[in-house]
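# Coordinate analysis (summary)
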Amino acid sequence: MPIGLQSKSMTNMNIKHSVFSTIILFVFVTNVLGQSDSIQEKGLKKYWNSLFYGNIDRTFEKKMDMSFVVAPCYTKEGSFGIGGAATALYRLDRKDSIMQPSDISLSGSATINGFYGITIKGNNHFKGNKARLSYRLQFQHKTLDFWGITYDACNVNPISEYTKRLVNWESDYVYKLTKNIHVGAALNIKYADLAKMANPAYLEGQRKAYFFTGLGVSIQYDTRDFILNPKRGIYFMAREIFYPDFMSSYHKTLFNTTMIFDAYNRMWSGSVLAFDLYGQFNNQYTPWPLREELGSGDSRMRGYYGGRYIDCNQMTAQLELRQHIYSRIGCVAWMGCGTVFPSFDKLKVEHILPNYGIGLRIEFKHNVNVRIDYGFGKDTAGFLFQFAEAF
């Protein structure tokens, strides 16, 4: 087994026990603290109601229906620390019973080794259901394994290490033209730099720090019933973003194309069959911060170490069966494949990597799941712990 994958497998084993202990604490703390002020007022009865009925939609009663958890965490990269997460549903118009609620979530962790990060993301549905703002803000400071910035380099280079610092903002504002067709505008801002690089030659002459500002347009066809946990519908999105040289620290204007096709269909009672086809395409000379990292983002190629394979373009496909089991509990199984590549003329069939796995679902808020996935890939496997479905 390659050294890098061996390191990743050891990391997953260390994470495993932490994930299970966090899940147990998660279920308890979420229900107790989610409405702590009300519990103090109404006592034990309110506590039991929040414990057993925390998944009931209360967005018509509250301005912000929120739950959160704080728990110890451990990873091999960061050692011991504290992790936390919170999610909330809300409605700008609580008289509109047809429009799906807006959502916002926050997650983060900090460890004794200086490994920390925080992510804020959400979907805001404006009154009248004519427009939506989707966004994600990330702050990260992480010491990570590193193999290079191309598929070929990542496939042969021995494992190295660097410290990555990242500030990233991604947003899409879409306006509804018809019932299902939307047009939108995108704004991306990213700053990334590398420090304490064990092997600077892995950057292949590129700089250690870059700043980018991207502007874009998109068109979407969307019939999903609920963004965070679709049961039916189709979602298609085509987006083009350009990064002008005068708005970035790179000497060339860059272009990025994203294509997504998702479909959801009920099979039998309590089941949903979900399909996801994803493509992200960049210029061949794109710098490392804008390149595609297989397995990053916790939605596609689950189980791969984010950054184990890096290159200019990425294509993935996955098919997932979701099954409700009992009350607020469900499970999933998926299979898929994907790869990264420098350009279409250098896309090789033998570089396509497998992906499959199983997962547990717990309804944390109304129609919003906590997902615990265990994914497998080529000589690798790993846990993921996130809010909402993968796609």
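Scroll up a little and you will see the structure.
Let us look at the overall build of the chain. What the chain contains, in helices and strands, is 4 helices and 18 strands. Intrachain contacts of the chain at a sequence separation of at least 6 include 57% that bridge at least 24 residues. Carbon and sulfur atoms make up 62% of the accessible area of the chain, which totals about 18400 Å².

Glancing now at the layout of surface pockets. It is a probe the size of a water molecule, rolled over the atoms, that shows where empty space is left. Space inside the largest pocket adds up to approximately 640 Å³. Forming the boundary of the largest pocket are 27 residues, of which Ile-98, Gln-100, Asn-129, Arg-224 and Asp-225 lie nearest the centre. When contributions to the lining of the largest pocket are tallied by element, the ones reaching two or more residues are strand S5 (131–146) and strand S6 (160–176). Across the lining of the largest pocket, the residue classes tally to 7 nonpolar, 9 polar and 11 charged. Reported here for the second largest pocket is a volume of approximately 320 Å³.

Glancing now at a nonpolar patch on the surface. Together, Leu-92, Phe-126, Tyr-173, Tyr-175, Leu-177, Ile-181, Val-183, Ile-219, Tyr-221, Ile-234, Phe-261 and Leu-277 line one region of the surface with nonpolar side chains, adding up to about 970 Å² of accessible area. Among the elements of the structure, S6, strand S7 (181–195) and strand S8 (209–222) are those that each provide at least two residues to the nonpolar patch. Tracing the sequence through the fold places Tyr-173 in strand S6.

Looking now at the pattern of salt bridges. All chains considered together, the criterion is met by 17 salt bridges. Notably, a salt bridge pairs Arg-302 with Glu-320, separated by 2.8 Å at the nearest N-O pair. Residue Arg-302 is located in the loop between strand S12 (292–293) and strand S13 (310–311), and its partner Glu-320 is located in strand S14 (residues 313–326); the two are separated by 18 residues in the primary sequence. The structure contains a network of salt bridges with shared partners spanning Arg-302, Glu-320, Arg-322, Arg-361, Arg-371, Asp-373 and Glu-389.

Of all hydrophobic cores here, the largest spans 30 residues; its most connected members are Phe-146, Leu-203, Phe-212, Trp-288, Leu-294, Tyr-309 and Leu-353. Within the residue set of this core, elements represented by two or more residues are S5, helix H4 (151–156), S6, S7, S8 and strand S9 (233–243). Those residues within four positions of Leu-294 in sequence are excluded, and the remaining contacts are Met-301, Tyr-304, Tyr-305, Gly-306, Gly-307, Tyr-309, Gln-314, Thr-316, Gly-338, Thr-339, Val-340 and Leu-353. By size, the runner-up hydrophobic cluster in this structure holds 10 residues, among which are Ile-362, Val-370, Ala-381 and Phe-387.

Let us now look at the pairing of strand S17 (residues 368–377). Side-chain direction in a regular strand flips from residue to residue, so the side chains alternate between the two faces of the sheet. Across the 10 residues that make up S17, a large majority, 9, are buried. By the bridge criterion, 9 bridges tie strand S16 (residues 353–365) to S17 in an arrangement that is antiparallel. Bridge pairing links Leu-360 to Ile-372 in S17. Both S17 and strand S18 (residues 380–387) contribute to a ladder of 8 bridges, which runs antiparallel. Counterpart to Asp-373 in the pairing with S18 is Leu-384. The antiparallel hairpin formed by S17 and S18 contains 2 residues in its connecting segment, where Asp-379 sits at a positive phi of about 60 degrees.

This part takes up the packing of aromatic side chains. Taken as a whole and assessed by the stated rule, the structure comprises 18 aromatic pairs. Arg-224 extends its terminal NZ or CZ atom over the ring of Tyr-235, reaching a point 4.0 Å from the ring centre. In this structure, Arg-322 packs its charged tip against the face of Phe-391, placed 4.9 Å from the ring centre.

So, about the side chain of Thr-213. In this fold, Thr-213 is placed in strand S8. A distance of 3.2 Å separates the side chain of Thr-213 from the backbone oxygen of Met-247, its partner in a polar contact. With residues near it in sequence (within four places) discarded, Thr-213 still touches Leu-187, Asn-188, Ile-189, Phe-242, Tyr-243, Pro-244, Met-247 and Ser-248.

For Ser-134, the position within the fold is in strand S5. A polar contact is formed between the side chain of Ser-134 and the side chain of Asn-123, at a distance of 2.7 Å. In this structure the side chain of Ser-134 is engaged in a polar contact, spanning 3.4 Å, whose partner is the side chain of Arg-132. Once you skip the residues sitting within four places of it in the chain, Ser-134 turns out to touch Gly-122, Asn-123, Glu-170, Ser-171 and Asp-172.

Relative to the elements of secondary structure, Phe-80 occurs in strand S2 (residues 79–90). Residue classification places Phe-80 among the exposed positions, given a relative accessible area of 53%. In this structure, the C-alpha to C-alpha distance between Phe-80 and Asn-113, residues 33 residues apart in sequence, is 8.0 Å.

Within strand S11 (residues 271–282), 9 of the 12 residues are buried, leaving the element largely enclosed by the surrounding structure. Bridging between strand S10 (residues 254–266) and S11 involves 11 bridges; their strand directions are antiparallel. The residue of S11 that forms the bridge with Asn-265 is Leu-273. In this antiparallel pair of consecutive strands, S10 and S11, the connection spans 4 residues, and Gly-270 shows a positive phi of 80 degrees.

Phi at Glu-204 takes a positive value of approximately 55 degrees, unusual for a residue other than glycine. Along the chain, Glu-204 falls in the loop between S7 and S8. One non-glycine residue, Ala-388, lies in positive phi territory at about 70 degrees. Within the fold, Ala-388 resides in the segment after S18. Relative accessible area serves as the criterion here: at 11%, Ala-388 is assigned to the buried category.

What counts as what
Residues numbered from 1 in each chain as written. Predicted model: local features only at pLDDT ≥ 70, side-chain atom pairs only at ≥ 80, totals over all residues. Heavy atoms only, no water. Helix = DSSP H or I, 4+ residues; strand = E, 2+ residues; numbered from the N terminus. Contact = heavy atoms within 4.5 Å. Areas by Shrake-Rupley, 256 points an atom, 1.4 Å probe, with all protein chains shown as cover. 1 Å grid on protein atoms, 1.4 Å probe; cavity = no way out; pocket = protein on both sides within 12 Å on 5 of 7 lines; lining within 4 Å. Points joined across faces, edges and corners; volume = space filled by probe spheres on them. Nonpolar A, V, L, I, M, F, W, Y, C, P; charged D, E, K, R; others polar. Patch = residues over 30% accessible without salt bridge, like charges linked within 9 Å, V, L, I, M, F, W, Y side chains within 5 Å. Salt bridge = Lys/Arg side-chain N within 4 Å of Asp/Glu carboxyl O. Core = buried A, V, L, I, M, F, W, Y, C linked by side-chain atoms within 4.5 Å. Buried < 20%, exposed > 50% of the residue type's maximum accessible area, 1.4 Å probe, protein only. Pairing = 2+ DSSP bridges. Phe/Tyr/Trp six-rings, centres within 6.5 Å; stacked < 30°, edge-to-face > 60°. Lys NZ or Arg CZ within 6 Å of the ring centre and 35° of its normal. Polar contact = N/O pair within 3.5 Å; in protein donor to acceptor, adjacent residues only side chain to side chain.

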